[in-house]
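An overview of the molecular structure
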Amino acid sequence: MDVRGTVAEGFEPVRDAFIRNFATRGERGAAVAVYRDGVKVVDLWGGTRDVDGTDPWAVDTAQVVRSATKGVAAAVPLLLHQRGQLDLDAPVGTYWPEFKAAGKERALVRHLLSHRAGVPALDRPLTPAEAADGTTGARAVAAQAPAWQPGTDHGYHAQTYGWLLAELVRRVTGRTIGRWTAEEIARPLGLDFWIGAPDDEAHRIGRIGRIEEPSTGSGGGMKLRPKRSVAEAYRDPHSLTRRAFGAIAPMPDENDPGYRAAELPAAGGVSTARALARFYAATIGAVDGNRLFAPATLTLARTEESTGPDRVLVVGTRFGLGFMLHGPASPLLGPGSFGHPGHGGSLAFADPESGVAVGYVTNGMRKGVTADPRAQALVRAVRSTT
């Protein structure tokens with residue numbers, strides 16, 4: 001495998017693990033980047049830009065990163081709070097009056113961020129066109145009756161999370177979340193990251209697709225051999241799990257340029273690995289003079305808001321305000337780590353204690369929601385260097 005890029009002295013285990021992913025874990029095309037104390041120390045890529053193609057992955061290849069988008073999207077309301085524009089303890093209805101319908105009057109802004117709002121699924125799934133039109137999703141979640149009283153429990157809002165955050169940001173700022181992210185996060189930091197990929201960047205975006213599970217391997221989390229209860233939840237078309245992941249039906253073509261251009265902050269972001277790593281590096285420290293989170297905001301991001309059995313994922317999960325926290329379902333670098341995986345493989349996170357930030361992007365999608373074996377091999381390699 002022709003792996004390209006750079007590795008700083010001491011981080012060679014990450015390169016070795018990255019190469020082994022191609023040799024033993026079925027990787028087709030991928031990239032990984034690591035920052036430490038605001039400095040890029042790993043920047044590697046290899047394989048093909050398209051999961052079903054032969055053209056090599058280039059230095060600037062980007063991919064759909066699915067739910068790894070959620071971590072960047074979560075930074076928007078946190079930064080609005082940091083700037084005094086959004087009260088995390090205010091009812092959502094303060095900013096978005098229509099959301100008070102159907103028993104959601106007491107839902108707080110922090111409940112949206114921590115998967116406690118009670119609306120992970122819709123009574124009627126949206127079509128891909130409706131999901132992407134910028135208005136139907138917000139109307140649907142505002143009208144939806146909650147599956148539990150907001151704030152009393154948690155369950156992963158796999159798709160609805162995006163419409164919740166997007167409409168909240170629009171009500172507070174007058175801007176779409178894609179525009180706000182581009183202007184206030186991506187542009188100052190120089191990130192190749194988009195919630196709503198522009199047409200003039202389409203030539204850089206590779207094709208993602210399903211790949212077979214490896215015949216051997218391990219790594220924990222929801223992947224190769226899920227528990228019976230998890231497997232049953234995914235098989236049952238009436239379960240909250242299936243309904244949450246099926247809030248858009250039929251499944252959209254994530255390789256369609258029109259769909260990638262839609263602003264879908266739950267799972268539609270497009271990014272390079274180095275952009276994700278650089279973003280997370282800027283949440284925990286300065287990167288070329290730019291820092292996103294003040295210390296108090298960093299504390300909010302990684303303070304546990306939700307923990308225990310997840311009504312949707314059917315395993316124990318931990319969430320801060322918008323970020324998944326280190327735990328058995330999604331092992332990160334250490335107890336203080338925060339970030340977000342993407343369904344199928346991608347992963348990005350930061351670990352303030354070590355000053356490390358990691359971004360991993362792949363075009364080979366597997367069944368797992370968290371703790372993909374390829375990503376976990378890279379996490380273990382990074383851990384060995386700290």
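Predicted, not measured: the structure shown is a model, and the values here were computed from it.

1. Considerations on the overall build of the protein
Regarding its fold elements, the protein presents 14 helices and 14 strands. Since a compact globule built from 386 residues should have a radius of gyration of about 21 Å, the 19 Å found for the protein is in line with a globular shape. Evaluated residue by residue, the protein yields a buried proportion of 60% over its 386 residues. With an accessible surface of roughly 14600 Å², the protein has 50% of that area assigned to carbon and sulfur atoms. When the 45 basic and 41 acidic side-chain charges of the protein are each reduced to a single mean position, those positions are 4 Å apart.

2. Description of the pairing of strand β13 (residues 356–362)
Consecutive side chains of a regular strand alternate in pointing toward one face of the sheet and then the other. For β13, the buried fraction is high: 7 of the 7 residues fall into the buried class. The alternating pattern of β13 places V356, V358, Y360 and T362 and A357, G359 and V361 on opposite faces, both of which are buried. Judged from the 7 bridges that link them, strand β2 (residues 29–36) and β13 form a sheet pairing that is antiparallel. Its bridge partner lying in β13, A33 is registered against G359. Summarising the sheet, strand β12 (residues 347–351) and β13 pair through 5 bridges and their orientation is antiparallel. Pairing of A348 across the sheet is with G359, part of β13.

3. Some words on empty space enclosed by the protein
This structure, assessed with the given rule, holds 4 cavities of 30 Å³ or more. Approximately 70 Å³ is the volume attributed to the largest cavity. If you trace the largest cavity, you find 15 residues lining it, with P341, G345, T370, A371 and D372 closest to the centre. Taken as a whole, the second largest cavity encloses approximately 60 Å³ of empty space. The wall of the second largest cavity is formed by A31, D43, L44, W45, W57, A58, V59, T61, T272, A273 and R274. Those elements giving two or more residues to the lining of the second largest cavity turn out to be β3 (39–47) and α12 (273–284).

4. Some details on the side chain of R25
Assignment of secondary structure puts R25 in the loop between α1 (12–24) and β2. D372 provides the closest opposite charge to the buried, unpaired R25, separated from it by 7.4 Å. In contact with R25, not counting residues within four places along its chain, are R20, P214, R366, P373, R374, A377 and R380.

5. Regarding the environment of T127
Relative to the helices and strands, T127 resides in the loop between α4 (109–113) and α5 (128–132). Once you skip the residues sitting within four places of it in the chain, T127 turns out to touch I248 and A249.

6. Looking at the layout of surface pockets
Within this model, the largest pocket holds a volume of roughly 910 Å³. Lining the largest pocket are 42 residues; nearest its centre among them are R66, F245, M251, H343 and K367. Of all the secondary structure elements, the ones that give two or more residues to the lining of the largest pocket are α7 (160–173), β6 (209–210), α9 (228–235), α10 (240–245) and α11 (257–261). Ranked by residues supplied to the lining of the largest pocket, first place goes to α9 with 4 residues. Of the residues belonging to the lining of the largest pocket, the class tally is 22 nonpolar, 9 polar and 11 charged.

7. Here we look at the nonpolar core
Of all hydrophobic cores here, the largest spans 75 residues; its most connected members are W163, I185, F293 and F338. In terms of nonpolar packing, the next biggest core, distinct from the first, is built from 23 residues, V14, V32, F349 and V382 among them.

8. What about the packing of aromatic side chains?
The way to describe two aromatic rings as a pair is by their centre distance and the angle between their planes. All told, the structure shown has 10 aromatic pairs when counted by the stated rule. On the basis of an interplanar angle of 80 degrees and a centroid distance of 4.8 Å, the ring pair of F279 and Y280 is categorised as edge-to-face. Assessed through its relative accessible area of 0%, F279 is described here as buried. Y280 sits in the buried class, given a relative accessible area of 0%. Members of the aromatic cluster, joined through ring pairs, are F279, Y280, F293, F323 and F338.

9. Here's the deal with unusual backbone geometry
If a residue is not glycine, its phi is most likely negative; likewise, a peptide bond is most likely trans. Residue P250 is reached from A249 by a cis peptide bond, and omega for that bond is 0 degrees. Counting through the fold element by element, P250 comes out in the loop between α10 and α11. Of note in this structure, A102 is not a glycine but carries a positive phi near 60 degrees. With respect to the helices and strands, the residue A102 is situated in the loop between α3 (92–95) and α4.

About the cut-offs
Residues numbered from 1 in each chain as written. Predicted model: local features only at pLDDT ≥ 70, side-chain atom pairs only at ≥ 80, totals over all residues. Heavy atoms only, no water. Helix = DSSP H or I, 4+ residues; strand = E, 2+ residues; numbered from the N terminus. Rg over C-alpha atoms; globule rule 2.2 N^0.38 Å. Buried < 20%, exposed > 50% of the residue type's maximum accessible area, 1.4 Å probe, protein only. Areas by Shrake-Rupley, 256 points an atom, 1.4 Å probe, with all protein chains shown as cover. Lys, Arg positive; Asp, Glu negative; His and termini not counted. Charge placed at Lys NZ, Arg CZ, Asp CG, Glu CD. Pairing = 2+ DSSP bridges. 1 Å grid on protein atoms, 1.4 Å probe; cavity = no way out; pocket = protein on both sides within 12 Å on 5 of 7 lines; lining within 4 Å. Points joined across faces, edges and corners; volume = space filled by probe spheres on them. Salt bridge = Lys/Arg side-chain N within 4 Å of Asp/Glu carboxyl O. Contact = heavy atoms within 4.5 Å. Nonpolar A, V, L, I, M, F, W, Y, C, P; charged D, E, K, R; others polar. Core = buried A, V, L, I, M, F, W, Y, C linked by side-chain atoms within 4.5 Å. Phe/Tyr/Trp six-rings, centres within 6.5 Å; stacked < 30°, edge-to-face > 60°.

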